Amino acid sequence: MMVCAAGLRGLQKDTRADAFLAPDNPALVYKDKVREIFGLSDPLVVAIEASTEQGIYHPAVLQLISELTEQLNELEMINAERTVSLATEDNIVGSAEGMEVAPFYDLLAQGGGADIRQALDNFPLYQGMLVARDGHMTIIAMELYDDGQAEQAYRAVEAVIAQQTLPDATQIHLAGEGAVLGFLGHYIDRDASRLNPLAGLIITIMLVVAFRRFSPALLGNVIIAAAVLMTLGLMSYAGVSFFVITNAMPVILIGMAVADSIHIFSHYYQLQVEHPQWDKKRCVEHAVITMVRPVTLTTLTTMAGFWGLYASSYMPPFEYFGLFTALGVFIAWYYSLAVLPAFLVIFKPSVSRRWVQRTNADDVFSRLVATLGKISLARPAITVSIFALFAIIAAMLATGVRVNENRINTFHPSEAIYQADQTINSHMDGTNTLNIIVSAAAPEGLFDPQALQKIASLQRYAESLPHVNGSSSIVDYIKQMNKALHEDRASEYRLPNSAEQIAQYFLLYASSGDPASLEEEIDYDYRLANVRLNLDTASFVATRPVIEALQAYIGQHFNSDQLQANLSGRIHVNYHWIKDLGPSHALSVLISLGCVLLVSALLFRSLAAGVLATLPVIFSIVTVYAAMAWWQIDLGIGTSMFAAVAIGLGIDFAIHTLERLQKLMQQHHSEDSTFAELYRSTGRALLFNYLAIALGFGVLISSQVVPLTYFGSIVVVSVSMSFVAALTLLPALVKWLRPNIIYIGQVEPNAFGAPMYGWVLIALTLVVTATSSDVQAQTLTADDIAQRVNAVDDGQQVTSQLLMTLTDSRGKQRQRQTTTVRKYFGDDKKTLFFFNSPNSVRGTGFLTFDYADYDRDDDQWLYLPALRKVRRISSSDRGDYFMGTDFTYEDIKQNGRISLEDYQLSISGTDAELIHLSAAAKNKEIADELGYGRVIFTVRRDHWLVIKAQYFDPKDKLLKTTLFEDIRQVDGIWTRHRLVCDNHLSGHRSVFDFSNVDYQSEVSDGLFTKQRLRRGL
């Protein structure tokens, strides 16, 4: 036991909703594929609610949003690049010369919160998704590097929130599927740490009351500990996770493990009373010989019930629940028949005087059971008729049971996360997402205006469905860009009419931002697009009509040879495992009942006995369905387990009753004596068995995990009906039908006695056993080395051909061929790019002025031939990505140089050929602006060029690595002909290949003008 229990340290929790689908389930496989393409994951959502007149646009609230976003992004488990917040998002707006893409917070210095509100009112995409339409709420959506850190991240986010000083009438809420995932593990642990000891305490009290001795309680807890600890330990060794539903397993095993002990102790003490001259060892032997058959019968039938759940379930958590609960039942059987007798022989507990008095004059418990028996046996036909009528009524009520599941309802309504979810869904479009993945037949197929119009129509239809409050896609961005490029006229919030315009809009947007800025909306070769729908509920009964309506619309009005759409996302995955829950549950019940019937029939060697043993269980299950319908309890993840538990627990009462009737009839050959003795001895033991189980499961009713509350309630109902039916309906049927198995005795008294017990014990024991540094010589300082690097000549002017090859995480590529011209004007640098291919952007020109003055913003213009206009674009922050690549504008500007103004330098290593410089950002502001906390530069001594740069983000995670390759002299100037940048966080790669490099040909100053942008080279 200790070896198995040691495995508990390695038991891993898995609270993911995805865990309820097999890894190869098509819906889950497609969701994972979509996540790989678009980087989608379940976010933690922090909502800031401000109920003042200015709402979230009050200066103090805007400052809170900014500071909170910054502090959350500093958490090491948060992927700051994926954080969506009012403080991180960009506005797309028209300007006098073109389009400006700039952070909303840049407007604070101009007109404060009013300007930000106006900008958001003019950007429909963000209404309801980022900010509430009434202006009283905004969200910060965060994604994790690793979902395995969800619980750690949830606690860290809570701690950050708790540290905030809130303005008046302002609240912060934490919700979202990521938060559910993070909090659920702790929530279940907290609940289990209260429930399991309470269940154990109740069982202990019951044993003390039943036997008037502490030794049964003590030894009963040994059996419980063995069953629970060994089962969970073996789960850990087998690599099986602790799922949400596994939380019920310890309580189930506590109730089941003690049942066998009750019967053995009861018979052991009874023998002491009836044979006072026997020594304790003899009493133990006879008690075990007498009880081995019924205990083994009940164990096998109980295991059969859980094996049925294992065999019929397609959900891994239910499979493992059935398998390991059956294993726990076996462990309890083994310890009850092998370990408990050994303890009894060693410690020789004596029967209490009060037990003797109870035997001589039946106590209240015996009288209660006897009275129940007399009533049911007085008119057996009437008793059977009453049960039949009750079953018919219950079956009619049971038709009202519905299948439903909503993860947020796992939490008690008093929990902050539950209230946060309700509040956010009442203000925003919804915390629940459904994705529609649109795929075109060929790369760049989504430049086609007709394809985009179909996506827009799909969005409009989706938003007409109940609970869908908003949608977003690449269509919304293109419409906003079109409006911005047409003087922000509201009438221009529409899709352009040509594929060339759309392609050039993407290039225009990329020139001002991160290459990953639109990766949640469109893939790298413009063939796949994501349409995200926001719903205000994840309830299956609410989302099922939405999904089925969308499937019908897509099939009838959307799909064609050129364009296809498929559903994905959290709600879609949930739909797939919940929609089959009803049929799977019904199949599980039928298989479990069939297993129990078969095992019972084989063990009693009678089909009639199998039917009789199964009837009380059937009545209990029908009763539970009726109770669920009456109490409006849905059939969901938690409640669907009840059938296996009800069958496993309920069959015990029937087996003990039948087996005892059979033996007593053989002993007494008198019907009256047989039934009287049944209720006096076995009936009393079954009563305490029932009370122990019912009160143990009753503990679950006090659970804060709502499905466990329902589960506890219906299991108590089920066990109660099984107990009552076993002691009323079953004896009444026996007396009325007079089956041969009882009255003639088809089974020999010891046919399953001590010899068979020994072989079974040995066989099952075998089954369980089988399964289970370098030295540096420095003559130069770090600053000296950087100055030598910066002094390397890169030519006053240069022309070249540049092939940009951009590769996403899945290996998809975009290629752009450009002609590039660069010239220095004093310390300032001017660069001109003309795109030669692909055709969709051919003729597009990009002109940039990089000023040496640190405080002066660079100038940038873009010529779009589809519009035949030069558009000024907003000057980019130094850490923004250049033209949609993985190089930043600062990387391009420095061109292999090392900024002494930004970095504190030190030498981290040298050898005969190379020097490694460590460059740490001088302060947090510089690190945030550049996006780099530190950089490691590798410099070659022979030409003093940087050949490798490793960039670490402000959290000191390796962000990207750049290699400078194919270095050779051109016109006497050392030239890097190939730049390779690997982004380790996004999986992107950008490769610049330079050819036809020319430093000699004259470059006219007149090339670097807006007029020349229109004319081309």
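Parameters and conventions
- Residues numbered from 1 in each chain as written.
- Predicted model: local features only at pLDDT ≥ 70, side-chain atom pairs only at ≥ 80, totals over all residues.
- Heavy atoms only, no water.
- Helix = DSSP H or I, 4+ residues; strand = E, 2+ residues; numbered from the N terminus.
- Buried < 20%, exposed > 50% of the residue type's maximum accessible area, 1.4 Å probe, protein only.
- Areas by Shrake-Rupley, 256 points an atom, 1.4 Å probe, with all protein chains shown as cover.
- Lys, Arg positive; Asp, Glu negative; His and termini not counted.
- Charge placed at Lys NZ, Arg CZ, Asp CG, Glu CD.
- Pairing = 2+ DSSP bridges.
- Axes fitted to C-alpha atoms, helices over the stretch in contact; angles between N-to-C directions.
- Contact = heavy atoms within 4.5 Å.
- 1 Å grid on protein atoms, 1.4 Å probe; cavity = no way out; pocket = protein on both sides within 12 Å on 5 of 7 lines; lining within 4 Å.
- Points joined across faces, edges and corners; volume = space filled by probe spheres on them.
- Nonpolar A, V, L, I, M, F, W, Y, C, P; charged D, E, K, R; others polar.
- Patch = residues over 30% accessible without salt bridge, like charges linked within 9 Å, V, L, I, M, F, W, Y side chains within 5 Å.
- Salt bridge = Lys/Arg side-chain N within 4 Å of Asp/Glu carboxyl O.
- Domains from an automatic or database assignment.
- Parallel < 35°, antiparallel > 145°, perpendicular 65-115°, else oblique.
- Left-handed = near helix turned anticlockwise from the far one by under 90°.
- pLDDT = per-residue confidence, 0-100.
- Phe/Tyr/Trp six-rings, centres within 6.5 Å; stacked < 30°, edge-to-face > 60°.
- Lys NZ or Arg CZ within 6 Å of the ring centre and 35° of its normal.

**Structural notes on the overall build of the chain**
Of the regular secondary structure elements, the chain holds 32 helices and 24 strands. The C-alpha extent of the chain, read off along each of the three principal axes, is 120 × 70 × 55 Å. Put simply, the chain has 1017 residues, and 59% of those count as buried. On the chain, roughly 39700 Å² of surface is accessible, and the fraction owed to carbon and sulfur atoms is 54%. Considering the chain, the positive charge centre built from 80 side chains and the negative charge centre built from 103 side chains are found 9 Å apart.

**Some points on the sheet that holds strand S10 (residues 528-535)**
Hydrogen bonds between backbone atoms are what pair the strands of a sheet, whose relative direction is either parallel or antiparallel. The antiparallel open sheet is built from four strands, whose spatial order is S9-S10-S8-S11. What marks the edges here is a single partner per strand, and that holds for strand S9 (468-472) and strand S11 (563-568). Each strand axis lies, on average, 25 degrees off the axis of its neighbour in the sheet, ignoring direction. Here strand S8 (residues 432-440) pairs with S10 via eight bridges, running antiparallel. Looking across to S10, one finds that Ile 437 is bridged to Asn 530.

**Focus on the sheet that holds strand S2 (residues 44-50)**
One open sheet accounts for three strands, arranged S5-S2-S6; its pairing is antiparallel. The outermost strands of the open sheet, each flanked by one partner alone, are strand S5 (137-142) and strand S6 (170-175). Taken pair by pair, the neighbouring strands of this sheet meet at an average axis angle of 20 degrees, ignoring direction. Pairing geometry for S2 and S6, over six bridges, is antiparallel. Opposite Ala 47, over in S6, you have His 173 as the bridge partner. Sitting on the sheet, helix H3 (residues 59-73) touches S2, S5 and S6, and the angle it makes with S2 is about 165 degrees.

**Quick look at empty space enclosed by the protein**
Using a probe with the size of a water molecule, rolled over the atoms, empty space left in the structure can be pinpointed. Of the voids in this model, the largest cavity is the one considered here, and its volume is about 160 Å³. Along its surface, the largest cavity is lined by 16 residues, and Val 244, Ile 245, Thr 410, Ile 637 and Pro 707 are the ones closest to its centre. At the level of elements, helix H7 (177-211) and helix H25 (706-727) are the ones that each hand at least two residues to the lining of the largest cavity. Of the residues that constitute the lining of the largest cavity, the class distribution is eleven nonpolar, three polar and two charged.

**Observations concerning the pairing of strand S14 (residues 828-837)**
Strand direction decides the pairing type here: strand S13 (residues 813-825) and S14, joined by nine bridges, are antiparallel. Along S14, the bridge assignment pairs Phe 825 with Asp 828. Counting the residues that bridge the hairpin from S13 to S14 gives two residues, and of these Gly 826 lies at a positive phi of roughly 70 degrees. As judged from the six bridges shared by S14 and strand S15 (residues 845-850), these two strands associate in the antiparallel manner. Of the residues in S15, the one forming a bridge with Lys 829 is Asp 850.

**Quick notes on the side chain of Asp 891**
In this structure, Asp 891 sits in helix H30 (residues 889-894). A residue is classified by how much of its surface remains accessible, and Asp 891, at 15% relative accessible area, is buried. In this view, Asp 891 contacts Asp 886, Gly 896, Tyr 932, Tyr 951 and Lys 960; residues no more than four positions away in its chain are not counted.

**Points about a nonpolar patch on the surface**
Together, Leu 389, Ile 393, Leu 397, Trp 630 and Trp 631 give the surface a local cluster of nonpolar side chains, amounting to about 580 Å² of exposed area. For the nonpolar patch, the elements supplying multiple residues, two or more each, are helix H14 (380-398) and helix H22 (607-631). Tallying contributions element by element places H14 first for the nonpolar patch, with three residues. Mapped onto the secondary structure, Ile 393 falls in helix H14. Residue classification places Ile 393 among the partly exposed positions, given a relative accessible area of 44%.

**Considerations on the domain arrangement of the chain**
Domains assigned within the chain are domain 1 (43-175), domain 2 (194-399 + 581-742), domain 3 (429-568) and domain 4 (782-1014). Each of domain 2 and domain 4 has a C-alpha centre, and the two are 75 Å apart.

**Here we look at the packing of helix H24 (residues 671-698) against helix H26 (residues 729-737)**
Two elements in contact, H24 and H26, have axes separated by 13 Å at closest approach and are oriented at 170 degrees. On the basis of the axis angle, H24 is roughly antiparallel to H26. Two secondary-structure elements touch here, H24 through Glu 671, Phe 675, Leu 678 and Tyr 679 and H26 through Pro 731, Val 734 and Lys 735. A per-class count over the contact of H24 with H26 returns five nonpolar, no polar and two charged.

**Here's the deal with the pattern of salt bridges**
Oppositely charged side chains can pair when the atoms bearing their charge come close. Applying the stated rule across the entire model yields 35 salt bridges. We note a salt bridge from Lys 960 to Asp 891, for which the minimum N-O separation is 2.7 Å. In this pair, Lys 960 is assigned in strand S22 (residues 958-970) and Asp 891 in helix H30, connecting sequence segments 69 residues apart. Residues joined by salt bridges that share partners form a network here, namely Lys 13, Glu 151, Arg 155 and Asp 189.

**Section: the pairing of strand S19 (residues 914-921)**
In summary, the side chains of a regular strand alternate between the two faces of the sheet. Counting buried residues in S19 gives six out of eight residues, a clear majority hidden from the surface. The antiparallel pairing of strand S18 (residues 903-910) with S19 creates a hairpin that spans three residues between the two strands. Pairing of S19 with strand S20 (residues 934-940), which is carried by seven bridges, proceeds in the antiparallel orientation. Looking at the pairing, Leu 917 lines up with Phe 937 of S20.

**Description of the packing of H14 against H26**
For the pair H14 and H26, the least separation of the axes is 8 Å and the interaxial angle reads 130 degrees. Of the possible angle classes, the one that applies to H14 and H26 is oblique. Classified by chirality, the crossing of H26 by H14 is left-handed. Between H14, through Pro 380, Ala 381, Thr 383, Val 384 and Phe 387, and H26, the contact on the second element is made entirely by Leu 729, Ala 732, Leu 733, Lys 735 and Trp 736. Residues that form the contact of H14 with H26 fall into these classes: eight nonpolar, one polar and one charged.

**Quick notes on the confidence of the model for the chain**
Of all residues in the chain, 94% have pLDDT values of 70 or greater, and the mean over the chain is 85. The element-level mean pLDDT for the chain is lowest in helix H28 (residues 754-771), coming to 37, with helix H16 (residues 449-463) highest at 96. Predicted confidence is poor over residues 745-778, with pLDDT under 50, and the contacts of this stretch with residues over four places away or in other chains come to 42 contacts.

**Some words on the packing of aromatic side chains**
Evaluation of the coordinates by the stated rule reveals 35 aromatic pairs. Measuring from ring centre to ring centre gives 6.0 Å for Tyr 334 and Tyr 335, while their planes differ by 65 degrees; the resulting arrangement is edge-to-face. We classify Tyr 334 as partly exposed; its relative accessible area is 26%. For the pair Phe 506 and Tyr 526, a centre-to-centre distance of 5.0 Å together with 45 degrees between the ring planes defines the contact as tilted. Linking Phe 506 in helix H18 (residues 499-510) with Tyr 526 in the loop between H18 and S10, this pair joins segments that are 20 residues apart in sequence. You'll find Phe 506 and Tyr 526 in the same group, each marked buried. The rings of Tyr 154, Phe 183, Tyr 187 and Phe 411 are connected pair by pair, giving a single aromatic cluster. Sitting over the ring of Phe 558, Lys 454 keeps its end group 5.2 Å from the ring centre.

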